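Residue strings, one per chain:
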Amino acid sequence: MSLNLLYSFREGVIGLRRARVATFVTVSTIAVTLTLFGIFLVFTVNVQRIVGLFRERMALEVFIDNSLSSEQIKKLDEKLSSLSGVRKATFVSKDEALKRFKKEFGEDPLAFLGENPLPSSFEIKIQQAEQTPQGVETLAKKIENIEGVEEVVYHGKLFRVVDRYSRIIIFADILLSIIVLLAAILLVANTLRLTVLSQRSTIQIMQLVGATKSFIRRPYIIQGVLQGGIGGAVGSIVVWGLVRGVALRFPRFLEVSLPLIILPLFLGLLLGFLGSGIGVKRFLRA
Amino acid sequence: MIQLSDVWYRAGRDQILSEVDLHVDPGEFVCIVGPSGAGKSTLLRLIHIEIFPTRGKILVANYDAQTIRAKEIPYFRRRVGIVFQDFKLLEDRDVFENVAFALWATGVRRRQIKKRVFQVLAETGLSHKRYSMINELSGGEQQRVAIARALANEPFVLLADEPTGNLDSEATDEILELLKKINRKGTAILMATHKEELVNTLPVKVVKINEGKIIE
């Protein structure tokens, strides 16, 4: 058995060498397809991530009555935190607000006003499910009615724009992902089927001299896996190189995990196995 | 050995064979003679179990065409050699590899393959051509490679479908001589041809077929 497998492997490799041009065409087709797929994958994941970051920024600023005691502030904090739709409520004291102001504008209001004009506030992060224009609006109204709250500020317009565009982008992205994935599957599988088809006289002769079906199938499956694997590896390497290149110019723009990078390789191996396997099987049945 | 009893074969609307009875004994040389389209090739394909009879019984060695399982067919084929008018060789390999192909495709070990290939190449007079590519050979030589390949697994019978159909008279004589030699060593031969004059010179049993029926 292991000897047979070794033989099939050898025969598979020899077969690839024998048909060098066809092998080159097949491998490069797979490589190009899976590179495109990989690039798209990185793009998709990061579009989703960036859209998520935007949604994350949908926060409310709740300004409160300056005369509230620390006891009352603590109670208000508990009340806000327990509201449905609130992920996190953070108290920002007058001093903290001043610090942030200085950091952001580089000027000290104390210097020309003589006192700290900034009110204390709560910063409310919203739960993902409520990160919609309507959700934010409802939540803001609810908070406005709480005692001790002076004003609720949020960028409603920005929320609506982000919301609308992120929906369009994610929808288009998912649609394109499906198309690219289907194209990759069909292209790789069909390329390998054609390779098998070009070997039909060899397969016929194998049947003629009494080779079993599994024996006939094996070298082709090995060839398919090798071609798919090499094509996929090229895809993975190119995508990795591109991601590194982008990271050099725009650090932190792309975030990529290892599984994402090696997915083209895996897809290549899998499609190589299935494409050639199905190709020979159909041929043997006919 | 080979036994066909009341075999009928139909392809679509065409009745290709009817009422065929045929018997080939071990070591016998039988020629099926008839015009093109008489059903000779169909008969050989039935015996090679590439197709199945519509009616009737076909026994080849211990295999019954009616009851053979798909999984058994490859093992059956190893015991039956076959050659064709168009040789069916692998053009991208040399003579040695073409013959070795039949052995490795049936799981024979490498060392044994080499030994056996040299043996059949010697028997078919091709030893000196073992590293030639197929397209460097004459038609007669190519048919000999096909015969060597068919003999590699030591079949008990060699089926030959118009083996001289593409050959000139000189090459035809050579191939017939080779077949006779193989037969003398004990391998049965069942040859189909449309050239009646060919078989008249051979010391063989002749079966005449026309329009799908055996007439003599």
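Note that the structure is predicted; figures quoted are calculated from it, not measured.

1. Observations concerning the overall build of chain B
Logical step 1: In terms of regular secondary structure, chain B is built from seven helices and ten strands.
Logical step 2: The globule rule puts the C-alpha radius of gyration for 216 residues at 17 Å, and the 17 Å found for chain B is close to it.
Logical step 3: Overall, the C-alpha framework of chain B stretches about 45 × 40 × 30 Å when taken along its three principal axes.
Logical step 4: For chain B, buried positions account for 54% of its 216 residues.
Logical step 5: When contacts within chain B are restricted to residue pairs at least 6 apart in sequence, long-range pairs at least 24 apart make up 69% of them.
Logical step 6: Of the roughly 10,000 Å² of accessible surface on chain B, 45% is carried by carbon and sulfur atoms.
Logical step 7: Positive and negative charge centroids in chain B, built from 31 and 29 side chains respectively, lie 8 Å apart.

2. Side note on the overall build of chain A
Logical step 1: Along its length, chain A carries ten helices and four strands.
Logical step 2: Its helices and strands in sequence order give chain A the pattern α-α-β-α-β-α-α-β-α-β-α-α-α-α, from N to C terminus.
Logical step 3: Relative to a compact globule of 286 residues, whose C-alpha radius of gyration would be 19 Å, chain A shows 30 Å and is clearly more extended.
Logical step 4: Each principal axis of the C-alpha distribution contributes one length, and for chain A these read about 100 × 35 × 35 Å.
Logical step 5: The burial tally for chain A puts 40% of its 286 residues in the buried class.
Logical step 6: In chain A, 82% of the contacts between residues at least 6 apart in sequence involve partners at least 24 apart.
Logical step 7: Total accessible area on chain A is roughly 16,900 Å²; 64% of this is exposed by carbon and sulfur atoms.

3. Some details on the interface of chain A and chain B
Logical step 1: Facing the 16 residues of chain A at the interface are 25 residues of chain B.
Logical step 2: Here chain A meets chain B over a buried area of about 1,800 Å², counting both sides, of which 65% is carbon and sulfur.
Logical step 3: Between the two partners, chain A and chain B, sit zero salt bridges.
Logical step 4: For the pair chain A and chain B, the number of links is two residue pairs in polar contact (both at pLDDT 80 or more).
Logical step 5: Within the residue set of the side of chain A that touches chain B, elements represented by two or more residues are α1 (2–18) and α8 (200–208) of chain A.
Logical step 6: The element best represented in the side of chain A that touches chain B is α1 of chain A, accounting for six residues.
Logical step 7: For the side of chain A that touches chain B, the residue count by class is eight nonpolar, five polar and three charged.

4. Topic: the confidence of the model for chain A
Logical step 1: In the predicted model, chain A carries a mean pLDDT of 83, and the fraction of residues at 70 or more is 99%.
Logical step 2: Ranking the elements of chain A by mean pLDDT puts helix α5 (residues 109–113) of chain A last, at 77, and helix α9 (residues 213–249) of chain A first, at 91.

5. Overview of the pairing of strand β6 (residues 80–83) of chain B
One face of the sheet, then the other: side chains in a regular strand alternate in exactly this way.
Residue and element names in this part refer to chain B.
Logical step 1: Residues Val 80 and Ile 82 line one face of β6 and the alternating positions Gly 81 and Val 83 line the opposite face, and both faces are buried.
Logical step 2: Pairing of β6 with strand β7 (residues 157–161) involves four bridges; the strand directions are parallel. Within β7, the position partnered with Val 83 by the bridge is Ala 160.

6. A word on the sheet that holds β6 of chain B
Residue and element names in this part refer to chain B.
Logical step 1: Strand order in this open sheet of six strands is β6-β7-β8-β3-β9-β10, and the pairing throughout is mixed. Edge strands, defined here as strands with exactly one partner in the open sheet, are β6 and β10 (213–214).
Logical step 2: As paired elements, β7 and strand β8 (residues 188–193) share five bridges and run parallel to each other. If you follow Asp 161 over to β8, its bridge partner there is Ala 192.

7. Digging into a nonpolar patch on the surface
Residue and element names in this part refer to chain A.
Logical step 1: A contiguous nonpolar surface patch, about 370 Å² in accessible area, is contributed by Ile 39, Ile 230, Val 234, Val 238 and Leu 242.
Logical step 2: Looking at the nonpolar patch, the element that brings in the most residues is α9, giving four residues.
Logical step 3: Mapped onto the elements, Leu 242 comes out in helix α9.

8. Some remarks on helix α3 (residues 95–104) of chain B
Logical step 1: The element α3 of chain B is extensively covered by neighbouring structure, given that nine of its ten residues are classed as buried.
Logical step 2: Capping of α3 of chain B at its N-terminal end is provided by Asp 94 of chain B; its side-chain oxygen lies 3.2 Å from the backbone amide nitrogen of Phe 96 of chain B.

9. Re the environment of Arg 285 of chain A
Residue and element names in this part refer to chain A.
Logical step 1: The topology assignment puts Arg 285 in helix α10 (residues 258–285).
Logical step 2: Classification of Arg 285 as exposed rests on a relative accessible area of 63%.
Logical step 3: Separated by 72 residues in the primary sequence, Arg 285 and Lys 213 have C-alpha atoms spaced 9.6 Å apart.

10. Looking at the packing of aromatic side chains
Logical step 1: One pass over the full model with this rule turns up seven aromatic pairs over all chains.
Logical step 2: Seen from their ring centres, Phe 40 of chain A and Phe 43 of chain A are 6.0 Å apart, and the 50° between their planes marks the pair as tilted. With Phe 40 of chain A and Phe 43 of chain A both in helix α2 (residues 20–56) and three residues apart, this pair spans about one turn of that helix.
Logical step 3: Using a relative accessible area of 17% as the deciding quantity, one classes Phe 40 of chain A as buried.
Logical step 4: Given the relative accessible area of 46%, Phe 43 of chain A is considered partly exposed.
Logical step 5: Centre to centre, the rings of Phe 101 of chain B and Trp 104 of chain B are 5.6 Å apart; their planes meet at 80°, and the pair counts as edge-to-face.

11. Describing the pattern of salt bridges
Logical step 1: Counting across every chain of the model gives 14 salt bridges over all chains.
Logical step 2: In this structure, Lys 40 of chain B and Glu 162 of chain B form a salt bridge, with 3.8 Å as the shortest nitrogen-oxygen distance. Here Lys 40 of chain B is found in helix α1 (residues 40–47), whereas its partner Glu 162 of chain B is found in the loop between β7 and α6 (169–184), with 122 residues between them in sequence.
Logical step 3: We classify Lys 40 of chain B as buried; its relative accessible area is 5%.
Logical step 4: For Glu 162 of chain B, a relative accessible area of 9% puts it in the buried group.
Logical step 5: A network of salt bridges, in which partner residues are shared, links Glu 96, Arg 100 and Glu 123 of chain A.

12. Examining the nonpolar core
All names here are of chain B.
Logical step 1: Counting 58 residues, the largest nonpolar core has Ile 147, Leu 179 and Met 191 as the members making the most contacts within it.
Logical step 2: At eight residues, α3 tops the list of elements feeding residues into this core.
Logical step 3: With residues up to four places along the chain from it excluded, the contact list for Leu 179 reads Phe 29, Ile 147, Leu 158, Pro 163, Ile 189 and Met 191.
Logical step 4: The next biggest cluster of nonpolar side chains, apart from the first, holds 36 residues, and it includes Val 24, Ala 65, Ala 188 and Ile 209.

Conventions we followed
- Here, residues in each chain are numbered from 1, in the same order as that chain's written sequence.
- For this description, chains carry letters from A and ligands carry numbers from 1, given in the order in which they are written.
- Reporting of local features is limited, given that this is a predicted model, to residues whose pLDDT is at least 70; pairs of side-chain atoms are given and counted only at 80 or more, and all residues count toward the totals for whole chains, interfaces and linings.
- With hydrogens and water set aside, each side-chain value is computed from the structure's full complement of heavy atoms.
- Under the DSSP-based scheme used, a helix requires at least four consecutive residues in state H or I and a strand at least two consecutive residues in state E, with every element numbered from the N terminus.
- Here the globule rule is a power law, 2.2 Å times the number of residues to the power 0.38, and the radius of gyration is based on C-alpha atoms.
- Exposure classes here rest on a 1.4 Å probe applied to the protein chains alone. A residue is buried below 20% of its type maximum, exposed above 50%, and partly exposed in between.
- Residue contacts follow a heavy-atom distance rule, with two residues in contact if any of their heavy atoms lie within 4.5 Å.
- Note on areas: Shrake-Rupley, 1.4 Å probe, and residue coverage restricted to the protein chains presented here.
- Only four residue types enter the tally: Lys and Arg on the positive side, Asp and Glu on the negative side, with His and both chain ends excluded.
- Positions of charges follow a simple convention, taking NZ of Lys, CZ of Arg, CG of Asp or CD of Glu.
- Defined here as a combined quantity, buried area equals the accessible surface (1.4 Å probe) lost by two parts on assembly, summed across both.
- The rule for a salt bridge is simple: a side-chain nitrogen of Lys or Arg has to be within 4 Å of a carboxyl oxygen of Asp or Glu.
- We define a polar contact as two N or O atoms separated by no more than 3.5 Å, with the added condition that, inside protein, one atom must be a possible hydrogen donor and the other a possible acceptor, whereas residues neighbouring each other in sequence contribute only through side-chain atom pairs.
- Only Asp, Glu, Lys and Arg are considered charged in this grouping, and only Ala, Val, Leu, Ile, Met, Phe, Trp, Tyr, Cys and Pro are considered nonpolar; every other residue, Gly among them, is considered polar.
- A score from 0 to 100, pLDDT tells how confident the predictor is in each residue.
- For two strands to count as paired, DSSP must find a minimum of two bridges between them.
- Distance thresholds for patches are 9 Å for like charges and 5 Å for nonpolar side chains (Val, Leu, Ile, Met, Phe, Trp, Tyr), applied to residues having over 30% relative accessible area and no salt bridge.
- Note on aromatic pairs: the rings of Phe, Tyr and Trp (six-membered ring only in Trp) are paired at centre separations within 6.5 Å, and the planes decide the class, stacked below 30 degrees, edge-to-face beyond 60, tilted for the rest.
- What makes a nonpolar core is a set of buried Ala, Val, Leu, Ile, Met, Phe, Trp, Tyr and Cys residues whose side-chain atoms join them at distances within 4.5 Å.

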